[in-house]
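Here is what each chain is made of, one letter per residue.
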Amino acid sequence: MGNIVAGSASKNGMTVDSYALLNAAVPAICYDAGVQRRWPTFTGIYSSVTFHRDYNVPSPTPSAPNSGTPVDDANAVVHDLSYVNQLSALNGRVVNFYLESDFATSISWNTNNMTFRPNTFALPLDGSSGYKYIATLSDPNWRLRLKSFSGSERRVTDAHEVMSYDCKVPTFTLGADGSTGGSIVKPIDMGAYGFGREHSAQWQWHFQQTVQFYHDLLVEFGLTPTL
Amino acid sequence: MKKRIAWIIAVLLLFVALLMFWRRVPDQPEGGETISKAKEDPTAWKSPSANSPPSDSGQPVGNQLPERAQPPVEARRVFQSIFNAQLSLYGKVVDQDGRPIAGVHVSIGVADKPWDSGSSHQRTTGPDGMFEITGVKGAGIFVEVEKEGYYAGKESRRLLQSGEMPAKDAPAVWKLYRKGALESLSHHDNTWTDMPMNGTPVEYDFNTKQFVGAGQGQLRAEVKVEGSMQQRFSWWYRISVVSGGMARRAHEFDFVAPESGFVEVLEGRISATDGEWRGAFNGDYFIRLPSGTFGRVAFAVSRGRDSFSFRIDHAAINPTGSRNLEYDPKSVPPFVPATQSR
């Protein structure tokens, strides 16, 4: 959440000298449109469940390219409502402290991305209401839509709403992808600190275990550590 | 009396359900972007009977069915099933030459819960460098290996998702790097300077450990920015070792500089319209200095808020002229204070 707030502030004019992202649970494609496209490769989810095309689970081979997300929509307006490049013009020195094996920003985030986007409402139980993205619709104005319980529908035209509810993401999070460029000037692998798969080791572990991380964080902020 | 209470409870439940439904249908935020330039309100609700929006029941795409969306209970079931996948992992630990390493400590974490890091397991590799874990359930397995006398880098830790589990006859490989002969090296850590953005060179002097003007140092950096730095911008960089050369290191534990293959200049241009645009160039190279000595340097030229900086993240020079650049970590203080030149 912190990186959404800080990124949004920067996008709206906040200027900083340095900005360190820690375990950023934000899609990497926000920061770098050229980042590697990746779908997670989980098993056991495709054989027993019928997916609607709106859910955009591409095929029984989950690594196959997915053309069913607004990220890849050929219509420029629909495409620009998605995550692509939303934070690629951050100012300042932006450093990505990432951890590829972080359970929260890799496994759990990807699972949520695959199963709950676009977001369907709890009622009615058949899943007919909620957010939808229909890539094949000839009218781009209605590709992103919200259907209510009563069956009435409206278009979804706000990027924040699209990103929150209506957009499956074909990349990993920034916090789990050290190859992200764009506005990121330097990746730092927190696996080198021995953080393993822990999501917030720097906050939860003893200082003796995290001292090298804090030393490097201060250095990236242009400060002189006296640790 | 009981019938009356039941009716009251039923009405209350219905009221709560309706309330939940209303809360889950957000109104369109104000000021949202409009897709169409048509005069109609793009955010207006359309009823299914009158002036209907385009139907979403078109042709199937691939193997997906068009009839209806996935019910939320199904989504929850899928979510849970991902964390219940049956997993078996077979792995092997090798050194940089591909030889198996016995007696390696293997830390294993199984992602069997979405809300924490999951269960932990330990293994030790056998004489053939192999280890395995079977009969666990989860969305993936994280493995990290270590052994005294070896460097553990990026290839010593890895997360495999449930769809990436290797077969027994083709185990996944983790790599450790055997430590070699240590040398006493001159170190340079965490030092940087702001730099002109008009192509004027800045140099780093490995003798004085200072950033200096052109012609006074050995490692030179030049940057030229085209236009404003407010958004994406085009820029150009050039890194060089004056009367020397640079050769890319193969990996983080590549300590022996090559005899040949050095280039004097690294340069590139990043266009504002480049799909892979970035605001920095980071390098990790062997260097051959004019004096004939060798070193290795991790450096960066990178954008800041309104300027560029030239950074030496780490450098090590062997003053003896040897190409071996593997340093004795005990000869270096654990934390080297950062310094800045302006």
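Right above here is the structure, for reference.
What counts and what doesn't
Residues numbered from 1 in each chain as written. Chains lettered and ligands numbered in written order. Predicted model: local features only at pLDDT ≥ 70, side-chain atom pairs only at ≥ 80, totals over all residues. Heavy atoms only, no water. Helix = DSSP H or I, 4+ residues; strand = E, 2+ residues; numbered from the N terminus. Buried < 20%, exposed > 50% of the residue type's maximum accessible area, 1.4 Å probe, protein only. Pairing = 2+ DSSP bridges. Axes fitted to C-alpha atoms, helices over the stretch in contact; angles between N-to-C directions.

(A) Inspection of unusual backbone geometry at higher detail. Residue and element names in this part refer to chain A. Put simply, Arg-117 and Pro-118 share a cis peptide bond, and its omega is -10°. Tracing the backbone through its elements, the reader meets Pro-118 in the loop between α3 (103–115) and β3 (130–133). Although it is not a glycine, Asn-23 adopts a positive phi angle of roughly 50°. Locating Asn-23 in the fold gives a position in the loop between β1 (18–22) and α2 (76–80). A relative accessible area of 6% places Asn-23 in the buried class.

(B) Quick peek at the sheet that holds strand β6 (residues 186–189) of chain A. Residue and element names in this part refer to chain A. On the basis of which strands lie adjacent, the open sheet formed by 3 strands has the order β1-β2-β6 and parallel pairing. On the outer flanks of this sheet lie β1 and β6, each paired with one strand and no other. Across the sheet, the axes of successive neighbouring strands diverge by a mean angle of 20°, strand direction being ignored. In the sheet, β1 pairs with strand β2 (residues 93–98) via 5 bridges, with the strands oriented parallel. Bridge pairing links Ser-18 to Arg-93 in β2.

(C) Molecular detail of the pairing of strand β13 (residues 219–226) of chain B. All names here are of chain B. Pairing analysis gives 3 bridges linking strand β11 (residues 202–205) to β13, with the strands arranged antiparallel. The residue bridging Glu-203 from the neighbouring strand is Arg-220, located in β13. Sheet topology note: the β13/strand β14 (residues 234–241) ladder contains 8 bridges and is antiparallel. When the bridges of β14 are listed, Glu-226 appears paired with Ser-234.

(D) Fine view of the pairing of strand β17 (residues 280–288) of chain B. All names here are of chain B. Of the strand pairs in this sheet, strand β15 (residues 245–248) and β17 are connected by 4 bridges, and their pairing is antiparallel. Residue pairing for β17: Arg-248 is matched across the bridge by Tyr-285. Here β17 pairs with strand β18 (residues 294–303) via 9 bridges, running antiparallel. In the strand pairing of β18, Arg-288 is matched with Phe-294.

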